[in-house]
Amino acid sequence: MIAVVCSAGEMSRVTLNYRCWAEVDLDALRGNLAWIRHRVGPRIKIMTVVKADAYGHGLKPIASLLMQSGTDIFGVANLTEARAIRNVGKGWPILMLGACLPDEVEMAVRESVIPTLSSIREAESFSACAAKVRTIVDVHIKVDTGMGRLGVRPDRAVELVRKVRQLPGLRLQGLYTHFSSAEDDAEFSRQQAKTFRQVIAALASEGIQIPVLHANNSAALLHEPDTLLDLVRPGLLVYGIVPVGRRLSSVSISQKQIRPALTWLCRVSLVKEISKGTSLSYGHTFVARRKMRVATITAGYGDGYQRAASNRAQVLIGTTRCPVLGRITMDQMIVDVSHVPIIEPGDEVTLIGPQGNDQIPATEVAQWCGTVPWEVLTGITNRVPRVYRGGHAS
Ligand SMILES: *Cc1c(COP(=O)(O)O)cnc(C)c1O
């Protein structure tokens with residue numbers, strides 16, 4: 001993936017040569033982190049989650065910005081991501097949110113990546129590796145309170161904690177859980193929180209206190225203020241997107257406070273008139289009911305714009321919303337520009353982001369695709385250069 005850092009003045013010149021690119025506003029990212037910090041208060045630590053190439057924003061520049069802006073710890077999905085962060089800056093703790101594969105254990109230990117433990121088997125292999133490498137390994141234990149993906153069963157959590165404390169070479173630094181539906185289901189989230197608290201209480205009754213307790217992803221950070229605990233783990237919010245769900249109405253966040261960092265753009269490559277009855281694109285799923293003006297634009301599913309949004313999505317050209325007509329193809333799609341007053345090949349097209357007084361949020365693209373904004377952002381492919389602006393220390 002191409003990553004370009006440029007100042008505001010260089011912007012237009014640099015973008016001129018691109019067909020499809022994403023601009024990442026590092027100042028927005030910094031502001032989002034500041035808002036999260038304000039929201040949780042000074043005593044709670046923030047783990048910024050940067051898995052999947054920082055949600056498609058580009059891991060290294062984002063990690064660098066977050067280091068400058070006060071992240072306490074990083075959350076990653078694999079060791080490659082952890083290594084990339086280490087190359088940007090030393091000293092930040094990194095928690096691997098997924099389980100380590102057996103053959104990754106030694107690498108994780110050697111690179112001081114904090115593993116997530118769900119089982120005695122994992123604990124034993126890290127303990128054995130700690131002896132081999134002659135080191136002490138910081139670990140977090142995960143409790144499965146309803147996500148069902150990782151974590152020890154709540155009724156076995158105390159046993160696992162005891163075991164980890166007994167095993168040589170391990171230092172139990174954290175205990176955590178993960179909400180499965182914090183943006184949608186208050187009742188289920190409350191039950192998850194209660195289960196986690198019961199585990200914490202059972203440990204306390206044995207005199208066991210674990211330094212860092214954590215539970216909240218972005219949605220829970222907004223909706224479950226009682227489970228902020230010692231640390232929060234926002235991903236989506238850091239990138240400026242509020243996880244929308246059935247509980248949205250209970251929090252209000254203004255666009256000034258949380259601002260999407262990513263804008264996704266492409267260009268108009270051809271403009272033409274078509275007559276009534278003309279069909280467009282593969283499978284001729286769209287047939288013009290009238291004479292109309294259409295434009296071919298330079299983005300497709302090869303760039304990560306999902307084909308599922310065919311005949312549903314819209315893009316912004318100038319200040320006009322233009323519907324996508326027919327199937328989205330690998331490198332191009334066709335849009336209705338009948339209502340765009342002035343249009344020429346080379347013009348910019350906004351796929352995600354603001355344009356004039358309108359904007360297309362990633363969440364809206366996700367709806368057209370039948371998916372969630374997490375998938376839309378992480379789906380933007382390597383072919384799309386990321387162009388960075390802002391982020392200079394003020
Ligand atoms: C991805 C992830 C997060 C961040 O989730 P968002 O919904 O993007 O805030 C937090 N915790 C865990 C365990 C995760 O896997």
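Here is what the cut-offs are and how they apply
Residues numbered from 1 in each chain as written. Predicted model: local features only at pLDDT ≥ 70, side-chain atom pairs only at ≥ 80, totals over all residues. Heavy atoms only, no water. Buried < 20%, exposed > 50% of the residue type's maximum accessible area, 1.4 Å probe, protein only. Helix = DSSP H or I, 4+ residues; strand = E, 2+ residues; numbered from the N terminus. Pairing = 2+ DSSP bridges. Right-handed = clockwise from strand over helix to strand, strands pointing away. Near = heavy atom within 4 Å. Polar contact = N/O pair within 3.5 Å; in protein donor to acceptor, adjacent residues only side chain to side chain. Areas by Shrake-Rupley, 256 points an atom, 1.4 Å probe, with all protein chains shown as cover. Domains from an automatic or database assignment. Contact = heavy atoms within 4.5 Å. Buried area = accessible area lost by both parts, 1.4 Å probe. Salt bridge = Lys/Arg side-chain N within 4 Å of Asp/Glu carboxyl O. Nonpolar A, V, L, I, M, F, W, Y, C, P; charged D, E, K, R; others polar. Core = buried A, V, L, I, M, F, W, Y, C linked by side-chain atoms within 4.5 Å. Axes fitted to C-alpha atoms, helices over the stretch in contact; angles between N-to-C directions. Parallel < 35°, antiparallel > 145°, perpendicular 65-115°, else oblique.

**Points about the pairing of strand 7 (residues 137–142)**
- With five of six residues buried, strand 7 lies mostly within the body of the structure.
- Bridge analysis of strand 6 (residues 116–117) against strand 7 gives two bridges, and the strand direction is parallel. The partner of Thr116 across the bridge, within strand 7, is His140.
- For the segment spanning strand 6, helix 7 (residues 120–133) and strand 7, crossover handedness is right-handed.
- Examined bridge by bridge, strand 7 and strand 8 (residues 170–176) share six bridges and lie parallel to one another. Note that in strand 8 the partner of His140 across the bridge is Gly174.
- Chirality of the crossover, the property in question, places the unit of strand 7, helix 8 (residues 154–166) and strand 8 among those that are right-handed.

**Structural notes on the sheet that holds strand 10 (residues 231–232)**
- Pairing in this open sheet of eight strands is parallel, and the strands run 5-4-3-10-9-8-7-6 from one edge to the other. Lying at the two open borders of the sheet, with one neighbouring strand each, are strand 5 (94–96) and strand 6.

**As for the site of the ligand**
- Lys51, Tyr55, Ser218, Arg233 and Gly235 are the nearest of the 14 residues found near the ligand.
- Here a nitrogen atom of the ligand sits 2.8 Å away from a polar atom, N or O, in the side chain of Arg233.
- Between the ligand and the protein, one listed contact pairs an oxygen atom with a side-chain N or O atom of Trp374 at 2.9 Å.
- When the ligand sits alone it has 390 Å² of accessible area, and the protein chains cover 93% of it.

**What about the domain arrangement of the chain?**
- The assigned domain composition of the chain is domain 1 (44–239) and domain 2 (262–389).
- With nine residues of domain 1 at the contact, the number on the domain 2 side is seven residues.
- Of the roughly 800 Å² buried at the junction of domain 1 and domain 2 (both faces included), carbon and sulfur atoms supply 68%.
- The interface formed by domain 1 and domain 2 contains zero salt bridges.
- For the pair domain 1 and domain 2, the interface holds two residue pairs in polar contact (both at pLDDT 80 or more).
- Mapped by element, the contributors of at least two residues to the side of domain 1 that touches domain 2 are helix 3 (51–56) and helix 4 (59–68).
- In terms of residue count, the dominant contributor to the side of domain 1 that touches domain 2 is helix 3 (three residues).
- Considering only residue class, the side of domain 1 that touches domain 2 consists of five nonpolar, three polar and one charged.

**So, the nonpolar core**
- Within the largest apolar cluster, 122 residues are counted, with the highest numbers of intra-cluster contacts made by Leu175, Tyr305, Ile317 and Leu351.
- Residue contacts for Tyr305: discarding those within four places in its chain leaves Trp264, Gly300, Ala313, Gln314, Ile328, Met333, Leu351, Val365 and Trp368.
- Counting eight residues, the second-largest nonpolar core is a separate cluster that includes Ile274, Phe286, Val294 and Leu325.

**With respect to the packing of helix 7 against helix 8**
- The N-to-C vectors of helix 7 and helix 8 enclose an angle of 10°; their axes lie 10 Å apart at closest approach. Between helix 7 and helix 8, the crossing angle belongs to the class labelled roughly parallel. Note on element contacts: helix 8 touches helix 7 through Glu159, Leu160, Lys163 and Val164, opposite Ile120, Ala123 and Glu124.
- Residues that form the contact of helix 7 with helix 8 fall into these classes: four nonpolar, no polar and three charged.

**Some details on the environment of Thr116**
- Topologically, Thr116 is positioned in strand 6.
- Along the chain, Thr116 and Ser69 lie 47 residues apart, while their C-alpha atoms are 26 Å from each other.
- Setting aside residues up to four positions removed in sequence, Thr116 forms contacts with Leu95, Met96, Leu97, Gly98, Ala99, Glu122, His140, Lys142 and Tyr176.
- Only 2.6 Å separates the side chain of Thr116 from the backbone oxygen of Met96, close enough to count as a polar contact.

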